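Structural characterization, general
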Amino acid sequence: MSQGAAALPGDPPGGRRAVAVWGLGVGVYFVAIIFRTSLGVAGIDAAERFHINASALSTFSILQLLVYAGMQIPVGLMIDRLGTKKVLALGAVLFTAGQLAFALSHAYGTALASRALLGCGDAMTFISVLRLGARWFPARRGPMIAQVAALCGMAGNLVSTMVLARLLHGAGWTATFGGSAAAGVLVLLLTLLFLKDHPEGHEPPPTAHAAGGKGFVRRQVARAWREPGTRLGMWVHFTTQFPAMVFLLLWGMPFLVEAEGLPQETAGLLLTVVVLSNMAVGLVYGQIIARHHAARLPLALGTVGATALLWAAVAGWPGAYAPMWLLVTECVVLGACGPASMIGFDFARPANPPERQGTASGIVNMGGFIASITTLLAVGLLLDATGDDYRLAFCSVFVLEALGLSQILRLRTRAQRREQERVVASRVETVHVPAVSPGSTA
C-alpha cells in the first residue's frame, strides 16, 4: 500500500500472497468459461452426434443459461454461509463432472443433463472470485480486480475458439471434452490445497443469517427493483450482452459455416476476433468511464446502435455470402457487447446501499441472460420453421434490441434524477458531519 493511500479500517493488505490466492480463484473461473463456451465450437458436431435439429440444439445453451441465471442469488447466500473456498470447490466438482459426462454422452437426454450440471457449477465461480478479491485486496482495488477477472474469463473463451475447436476435429468428441475435464480436476485440487477465504487477522464478522426474518430475500429484491438505477442497469445489460453471447455460445459457428460457406477453421478465427475485441474494448471502456462518468449511457447506446447496424448489414447483404471484410467488422463490433453490458452494474451500484449490492447486481446480471435465452430459443425455432434461413432467424435480435432500447430511454431520466438527488443528499450530510479532533476517538 502506498504511503499516501488512505486505508479503511480492517482493509486487507493485498500484496503477492493476495495475488496468488486470488489468481487461483480466477483460474477456477477461467476453466469454467472454457467449459461454458466449449459448445459454441461444437454445435455442428453436437447436432450430428445426437441426431437433433436446431431447436433441440439451442436447448443445450438455453438450459445451461437458465441454471446459471437461477443460481445467482442462491450462490450469494451460499458464499455468505459456507465461505468462498467451499463454494468454489463445489463449483469445480460440478462443472468438471458436467464436462466429463458430456464427453461420454451418446443420448440427447444425458447430454442435456450434463450441460445443466455444468451450468450449476459455472454459476458458482464469478461471484466467488469477486468476493475473494474483496477479502484479499484493499477496497480501492475492487474495480480493477473485477475488470481483470472478466478479462481472464474472456481468455477462457479464447481457448475454446482456438484450441478446443482444433482438437475437436483432430482428436474427436470424447477425447476433446474428456481431456479438457482434466483441467477441472487440476483447479479443484489446487483450490482444496492452497485457497484461503481471507488473510489472517482479516476474518469477516459473523453474519446473522436469520436476522432479516422470513421475508428478507423478498424484501431485498423488492427494494432493489424499486430503484430506477437497478432497472436501468438490468435493461442496459439485457440489450447489450445477448448478441455476442448468442453468437459465441452457439449460433456463430453454424451461421458462418452453413450460411456463409466458410471453412470451420476460418469460422473459428472469426469467433476469436470477437473474443480479442471484447478484451481490448473492455480496457478502453473501463478507462473512459473512470474518467468521464457521464459517458456510461452514450457508450451503451452507441454499442447497441453499432451492433444493430452491422447485424442488419450482414443479414440484408444482397449476395449469397457477405464479404469477409463485413464479417470481420461485425465480429469486432460484437466484441464491444460484453464490455457494454458491464455498464449496467455501474447504474445499479450507486442506486443501492452496500447491504443491497449483491441483490441489485443479481437483478442486473439476469437481464442479459434472459435476453440470451430468449434469442437462442427464437433462432432455433425460426431456423426449423424457415428451412435453416439464418439471416431471417437472426432478425429476432432486432426485436429484443428494440424492447431493451425502449426501456432504457424510458428509465434514463428517472435514474439520473435519483442519482443527482443522492449526490446532493450526500453533500448535505458531509457538510453537517461534525469534525473529529485529532485527539478524539470515533
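Below you will find a few notes about this structure. (Residues numbered from 1 in each chain as written. Predicted model: local features only at pLDDT ≥ 70, side-chain atom pairs only at ≥ 80, totals over all residues. Heavy atoms only, no water.)

The next subject is the packing of aromatic side chains. Tallied over the entire structure, the rule returns 22 aromatic pairs. With a centroid separation of 5.7 Å and an interplanar angle of 85°, the aromatic rings of Phe50 and Trp173 are classed as edge-to-face. Taken together, the positions of Phe50 in helix 2 (residues 43–50) and Trp173 in helix 9 (residues 173–194) put the pair 123 residues apart, joining distant regions of the chain. With a centroid separation of 6.3 Å and 75° between ring planes, the pair formed by Phe247 and Trp311 is classed as edge-to-face. Here the residue Phe247 occupies a position in helix 11 (residues 228–259), and Trp311 occupies one in helix 13 (residues 296–315), the gap between them amounting to 64 residues. By relative accessible area, Phe247 is classed as buried at 1%. Take Trp311: its relative accessible area is 2%, and that puts it in the buried class. Connected via pairs of aromatic rings, a cluster forms that spans Phe50, Phe60, Phe102, Tyr108, Trp173 and Phe177. Across the ring face of Phe102, the terminal group of Arg115 is positioned such that the distance to the ring centre comes to 4.8 Å. (Phe/Tyr/Trp six-rings, centres within 6.5 Å; stacked < 30°, edge-to-face > 60°. Helix = DSSP H or I, 4+ residues; strand = E, 2+ residues; numbered from the N terminus. Buried < 20%, exposed > 50% of the residue type's maximum accessible area, 1.4 Å probe, protein only. Lys NZ or Arg CZ within 6 Å of the ring centre and 35° of its normal.)

It is worth spelling out the packing of helix 11 against helix 12 (residues 264–291) at this point. For any two helices packed against each other, the geometry comes down to the angle between their axes and how far apart the axes lie. Closest axis-to-axis distance for the helix 11/helix 12 pair is 9 Å, and the angle between their directions is 140°. You can see that helix 11 and helix 12 cross each other, and the crossing is right-handed. Taken together, the residues of helix 12 that come into contact with helix 11 (itself represented by Phe247, Leu248, Gly252, Met253, Leu256 and Val257) are Gln264, Ala267, Gly268, Leu270, Leu271, Val274 and Val275. Considering only residue class, the contact of helix 11 with helix 12 consists of ten nonpolar, three polar and no charged. (Axes fitted to C-alpha atoms, helices over the stretch in contact; angles between N-to-C directions. Left-handed = near helix turned anticlockwise from the far one by under 90°. Contact = heavy atoms within 4.5 Å. Nonpolar A, V, L, I, M, F, W, Y, C, P; charged D, E, K, R; others polar.)

Before going further, it helps to examine the pattern of salt bridges. Taken as a whole, this structure holds three salt bridges when the rule is applied. Measuring nitrogen to oxygen at the nearest pair gives 2.6 Å for the salt bridge that ties Arg36 to Asp122. With Arg36 in helix 1 (residues 16–37) and Asp122 in helix 6 (residues 108–122), this residue pair connects regions lying 86 residues apart in the sequence. An identical accessibility class is assigned to Arg36 and Asp122; each is buried. (Salt bridge = Lys/Arg side-chain N within 4 Å of Asp/Glu carboxyl O.)

These results come straight from atomic positions and should not be treated as a statement about function.
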